[in-house]
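What follows is each chain in one-letter form.
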Amino acid sequence: MTSQPRTERPPVHVWEVEDLPALEFDPMMTTLLRDEPVSRIRLPFAGDMDAWVVTRYEDVKAVASDPRFSREALRDIEVTAISGHRVAGAAALNYTDPPYHTKLRKIVNKAFTGRHMKGLRPLAQQTADELLDAMEEQGPPADLMTHLHGPLPLAVVSDLLGVPREERDKFTVWPDQILNAGIGAEASMAAKAEVTAYVVELLRGRFGRATDATDDLAGVLAQAWEAGEIEQDEAVSLATAIVISGAHAVRYNSANMVYMLLTHPELMDRLREDSGLVPQAVDELIRHIPHRNAVGIPRIAMEDVEVGGHVIPAGDAVYVSYLTANRDPAVFENPDAVDFDRQGVSHLSFGHGVHHCMGAMLARMESEVMVSSLLDRFPKLRLAGPPEDTVFQSKAFIRGPQTLVVTW
């Protein structure tokens, strides 16, 4: 006989989301995946509310691709969360469902063509070479966050958007101000207002240039805005989300990879022996490294839905944990190990379903360029001090080192 799904609510787990040492995997995630893969949680904000979280690979995929779970319904609902303020605006892709989501994504995808992505790689490599030239000239010790992981993603996402080189310093501080849960709503909103004003001016400057042979994001969005396909707030929200997340997330994710290699010499040695493994190694590091704290943006069940043997009632908020899905032992053999020879099932670090990250290809490329460039240029690269001296971000959505001081 087929067992009936459970309709009772499981006990609630209070998830404090404490800062964890370096790249340690959250023990709460480990416990939920092992003992209670469909469970109830209460996060630090709106703590009087509860939400569901699913942690197994197949359940995560199911929820992320099921249209009965809505992101758009989040706009007018308060849910328990890691932060007291929302980063993205209501017009952002993160808070939309098909068919509206499909319309917006189709427009933005024009800037993410294979041809455009291919054209950005030599620019990224040129930027990496220039940055490392300057670092080598300065001499050791040097902070990779200052010399490489900060400026390179900023340069690449600026090239993607079409920001003039002389204006790129404006984007240095905004991403960290917006994507830090501990900074507070007022500072985050002020930074978002500055970004919005800049993006509006940038896009308006492209009006009347529909015949330009450009496929950068500013050109794509300006043409769609001018043609009436999208409104100003939609154009600004799309540009802002991609720029902020692209500059911020890749900065820390790539630094996490290098920290992992520097603290595991056997992995670094493997790549030095076989540089052709770098793309595969980067993908495995993306799977393995817990790149964020807790969970991301939830969805709202629009009707009763069975998931993993539980009935999630209509109106309840549901989080998916891509991090635990990537450590599911039913899918990944020896999931807690870093294995550059791993084959088979794809990880879910870039999401799944309609909200799969559009910048996944770009993020992989940037990380490959940074890792390869460091391996080529500095065969004796190592941390300038003990690993525990590396200070990581505190109370942030994205985990990563504040400084990454190396010598060679």
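Before reading further, recall that the structure is shown in the block above.
Residues numbered from 1 in each chain as written. Predicted model: local features only at pLDDT ≥ 70, side-chain atom pairs only at ≥ 80, totals over all residues. Heavy atoms only, no water.

Right, let's talk about the pairing of strand β2 (residues 38-42) for a bit. Burial analysis of β2 places four of its five residues in the buried class, which makes it a mostly covered element. When strand β1 (residues 12-14) meets β2, the two strands line up parallel, connected through three bridges. Note that in β2 the partner of His13 across the bridge is Ile41. Note on the crossover from β1 through helix α1 (residues 27-35) to β2: the handedness is right-handed. Note that β2 and strand β3 (residues 51-54) share four bridges and pair antiparallel. Considered in β3, the bridge of Ile41 is made with Ala51. (Buried < 20%, exposed > 50% of the residue type's maximum accessible area, 1.4 Å probe, protein only. Helix = DSSP H or I, 4+ residues; strand = E, 2+ residues; numbered from the N terminus. Pairing = 2+ DSSP bridges. Right-handed = clockwise from strand over helix to strand, strands pointing away.)

Turning our eyes to something else, we now look at the side chain of His147. As for its placement among the helices and strands, His147 is situated in helix α5 (residues 144-149). A polar contact is formed between the side chain of His147 and the side chain of Gln138, at a distance of 3.2 Å. Apart from residues no more than four positions distant in its own chain, His147 is found in contact with Leu131, Met135, Gln138 and Ala142. (Polar contact = N/O pair within 3.5 Å; in protein donor to acceptor, adjacent residues only side chain to side chain. Contact = heavy atoms within 4.5 Å.)

Time to look at the nonpolar core. In terms of nonpolar packing, the biggest core is built from 107 residues, with Trp15, Leu221 and Tyr319 touching the most fellow members. Here this core takes 17 residues from helix α10 (residues 232-263), the largest share from any one element. Once residues within four sequence positions are removed from consideration, Trp15 is found in contact with Asp26, Met28, Met29, Ile41, Arg42, Leu43, Pro44, Ala294 and Val295. Counting residues in each nonpolar core, the second largest holds 18 residues, with Val38, Val54, Phe69 and Tyr322 among its members. (Core = buried A, V, L, I, M, F, W, Y, C linked by side-chain atoms within 4.5 Å.)

Taken together, the buried positions of α1 are Met28, Met29, Leu32 and Leu33. Buried residues of α1 fall within an arc of 125° about the axis and therefore sit on the same side. Those residues of α1 hidden inside the fold are in contact with β1, β2, β3 and α13 (322-325). Of the residues that open α1, the one with a side-chain oxygen 2.9 Å from the backbone nitrogen of Met28 is Asp26. (Arc of directions from axis to C-beta.)

Our focus in this paragraph is the sheet that holds strand β9 (residues 317-320). What the six strands build is an open sheet, ordered β1-β2-β3-β9-β6-β4; its pairing is mixed. Pairing within the sheet leaves two strands with one partner each, and these edge strands are β1 and β4 (69-70).

Turning our attention to empty space enclosed by the protein. As enumerated under the stated definition, the model contains three cavities of 30 Å³ or more in all. Its volume calculated, the largest cavity comes out at about 40 Å³. Together, Val258, Leu261, Met268, Val371, Leu374, Leu375 and Leu381 line the largest cavity. Listing elements by their share of the lining of the largest cavity, those giving two or more residues are α10 and α14 (360-377). With three residues, the top contributor of residues to the lining of the largest cavity is α14. Of the residues assigned to the lining of the largest cavity, the class counts are seven nonpolar, no polar and no charged. (1 Å grid on protein atoms, 1.4 Å probe; cavity = no way out; pocket = protein on both sides within 12 Å on 5 of 7 lines; lining within 4 Å. Points joined across faces, edges and corners; volume = space filled by probe spheres on them. Nonpolar A, V, L, I, M, F, W, Y, C, P; charged D, E, K, R; others polar.)

Within helix α11 (residues 265-273) the residues assigned to the buried category are Leu267, Met268 and Leu271. The buried residues of α11 occupy an angular sector of 100° when the element is viewed end-on, so they sit on one face.

Tallied over the full model, the rule gives 18 salt bridges. A salt bridge links Asp66 to Arg68; its shortest N-O distance comes to 2.8 Å. Accessibility expressed as a relative area gives 14% for Asp66, which makes it buried. For Arg68, a relative accessible area of 33% gives the class partly exposed. Each of Arg9, Arg40, Arg42, Asp50 and Asp316 takes part in one network of salt bridges that share partners. (Salt bridge = Lys/Arg side-chain N within 4 Å of Asp/Glu carboxyl O.)

One pass over the full model with this rule turns up four aromatic pairs. Ring geometry for Tyr57 against Phe332: centres 5.7 Å apart, planes inclined by 80°, an arrangement best described as edge-to-face. One end of the pair, Tyr57, is in helix α2 (residues 57-65); the other, Phe332, is in the loop between α13 and α14, and 275 residues separate them in sequence. Here Tyr57 and Phe332 have matching classes, each one buried. With centroids separated by 5.2 Å and ring planes inclined at 85°, the aromatic side chains of Tyr259 and Phe392 adopt a geometry described as edge-to-face. Highlighted residues: Tyr259 in helix α10 and Phe392 in the loop between β10 (382-383) and β11 (405-407), separated in sequence by 133 residues. Phe392 sits in the buried class, given a relative accessible area of 12%. Seen from the ring of Phe332, Arg287 lies directly overhead, with NZ or CZ sitting 5.4 Å from the centre. Its guanidinium or amino end placed over the ring of Phe25, Arg327 lies 4.4 Å from that ring's centre, counting from NZ or CZ. (Phe/Tyr/Trp six-rings, centres within 6.5 Å; stacked < 30°, edge-to-face > 60°. Lys NZ or Arg CZ within 6 Å of the ring centre and 35° of its normal.)

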